[in-house]
Amino acid sequence: MTAEERVHVVRLLKVSEKGYLSLIADVNQVQWNWNPEPDRWSVGQTAEHIMQSEVILSRRLQHAIESPANPDWQRKTAGKAELLERVMADRGQKAIAPEPTRPQGQSREEVVRRFKDVRMQIIKFAEETQIPLEQYTAEHPFPVFGTLNAYQWLLLVPLHNMRHDQQIAEVKAAPGYPK
């Protein structure tokens, strides 16, 4: 990872963590559980999805760096960081969350505690790793992304978080949101 990439991803990790925690800080239990529509997630469900995704994404990152270096990493991952930055910011394109990242009804306290624990580990890794992340790859379950290198898996953590922070803000701005 270049010095610029490290600065970029650490900044995104810290900014998205702050955004996530501030978006849910003033949410009471009724607001946490309120759904704007039957097929849309509540603030709490979205917050839990973010936390569960952090766990899964950190595992995919770990899987990538534990795999042998991919000799074809440059061709397979070219332009993917830019693709991730563009696609993840666009809430107009919806995706169905993979089963392991779907909310299970964990308590707010557990969601926040686990988010903070996992995020702290990810930030520490991003700040300290000396592994040549670009050389190690793992497949993303969504074909549009395909092969991602470990840096791109790391970048996906805050980008996914920021995407769903927008979703939390949308729920809080929806008509009928409890005051």
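Residues numbered from 1 in each chain as written. Predicted model: local features only at pLDDT ≥ 70, side-chain atom pairs only at ≥ 80, totals over all residues. Heavy atoms only, no water.

Trainee: Is there a simple way to explain the overall build of the chain in this structure?
Mentor: Helices and strands together make up the secondary structure of the chain, namely 7 helices and 2 strands. Sequence-ordered secondary structure for the chain, helices as α and strands as β, is α-α-α-α-α-α-β-β-α. Compactness check: the chain gives a C-alpha radius of gyration of 17 Å against a globular reference of 16 Å for 179 residues, within 12% of the reference. C-alpha extents for the chain along the principal axes are approximately 55 × 30 × 25 Å. Looking at the chain residue by residue over its 179 residues, the buried ones come to 49%. Counting contacts in the chain only where the partners sit at least 6 residues apart, residues at least 24 apart contribute 82% of the total. The chain carries 23 positive and 23 negative side-chain charges, and their two centres are separated by 2 Å. (Helix = DSSP H or I, 4+ residues; strand = E, 2+ residues; numbered from the N terminus. Rg over C-alpha atoms; globule rule 2.2 N^0.38 Å. Buried < 20%, exposed > 50% of the residue type's maximum accessible area, 1.4 Å probe, protein only. Contact = heavy atoms within 4.5 Å. Lys, Arg positive; Asp, Glu negative; His and termini not counted. Charge placed at Lys NZ, Arg CZ, Asp CG, Glu CD.)

Trainee: Looking at this model, I keep getting lost on helix α1 (residues 3-25). Mind explaining?
Mentor: Side chains of residues three or four places apart in an α-helix project in the same direction, reflecting 3.6 residues per turn. Compared with an ideal rise of 1.5 Å per residue, which puts 23 residues at 33 Å, α1 spans 33 Å between its outermost C-alpha atoms and is within 8% of the ideal. Those residues of α1 not exposed but buried are Arg6, Val9, Val10, Leu12, Leu13, Ser16, Glu17, Tyr20, Leu23 and Ile24. Along its buried surface, α1 packs onto α2 (29-33), α3 (43-66), α5 (80-89), α6 (108-128) and α7 (150-173). (Expected span 1.5 Å × (residues − 1).)

Trainee: Help me understand the environment of Arg6, please; the structure alone is not making it clear to me.
Mentor: Here Arg6 shows up in helix α1. Since its relative accessible area comes to 18%, Arg6 is described here as buried. C-alpha separation for the pair Arg6 and Arg91, spaced 85 residues apart in sequence, amounts to 26 Å. When sequence neighbours within four positions are dropped, the list of residues in contact with Arg6 reads Met1, Ala126, Glu127, Glu128, Thr129 and Gln130.

Trainee: Teacher, can you tell me more about the nonpolar core here?
Mentor: General note: in soluble globular proteins, nonpolar side chains tend to be found buried as a group. Val9, Leu13, Tyr20, Ile24, Val43, Trp153 and Leu154 are the most contacted members of the largest nonpolar core, which totals 48 residues. Elements that contribute at least two residues to this core include exactly α1, α3, α5, α6 and α7. Considering every element that reaches this core, the biggest residue donor is α7, with 10 residues. If sequence neighbours within four positions are ignored, Val9 has contacts with Met1, Ala126, Tyr151, Leu154 and Leu155. (Core = buried A, V, L, I, M, F, W, Y, C linked by side-chain atoms within 4.5 Å.)

Trainee: For this particular structure, what's the right way to read the packing of aromatic side chains?
Mentor: The geometry of two aromatic rings is summed up by the distance between their centres and the angle between their planes. With the rule as written, the count across this model stands at 2 aromatic pairs. Between the aromatic rings of Trp34 and Tyr177, the centroid separation amounts to 5.8 Å while the plane-to-plane angle is 80°, which identifies the pairing as edge-to-face. With Trp34 in the loop between α2 and α3 and Tyr177 in the segment after α7, this pair connects stretches of sequence that are 143 residues apart. Using a relative accessible area of 8% as the deciding quantity, one classes Tyr177 as buried. (Phe/Tyr/Trp six-rings, centres within 6.5 Å; stacked < 30°, edge-to-face > 60°.)

Trainee: Would you take a moment to explain the environment of Phe142 for this structure?
Mentor: For Phe142, the location among the structural elements is in the loop between β1 (137-139) and β2 (147-149). Remark: the alpha-carbon pair of Phe142 and Arg59, spanning 83 residues in sequence, is separated by 16 Å. For Phe142, the residues in contact, after removing those within four places along its chain, are Ala95, Ile96 and Pro98.

Trainee: What is the right way to read the packing of α1 against α7 from this model?
Mentor: Two numbers describe a pair of packed helices, the interaxial angle and the distance between the axes. Where α1 contacts α7, the axes come no closer than 9 Å and their chain directions differ by 25°. Classified by the angle between their axes, α1 and α7 sit roughly parallel to one another. The hand of the α1/α7 crossing is left-handed. Where α1 abuts α7, its residues Glu5, His8, Val9, Leu12, Leu13, Ser16, Glu17, Gly19, Tyr20, Leu23 and Ile24 lie against Tyr151, Leu154, Leu155, Val157, Pro158, Leu159, Asn161, Met162, Asp165, Ile168, Ala169 and Lys172. Residues that form the contact of α1 with α7 fall into these classes: 15 nonpolar, 4 polar and 4 charged. (Axes fitted to C-alpha atoms, helices over the stretch in contact; angles between N-to-C directions. Parallel < 35°, antiparallel > 145°, perpendicular 65-115°, else oblique. Left-handed = near helix turned anticlockwise from the far one by under 90°. Nonpolar A, V, L, I, M, F, W, Y, C, P; charged D, E, K, R; others polar.)

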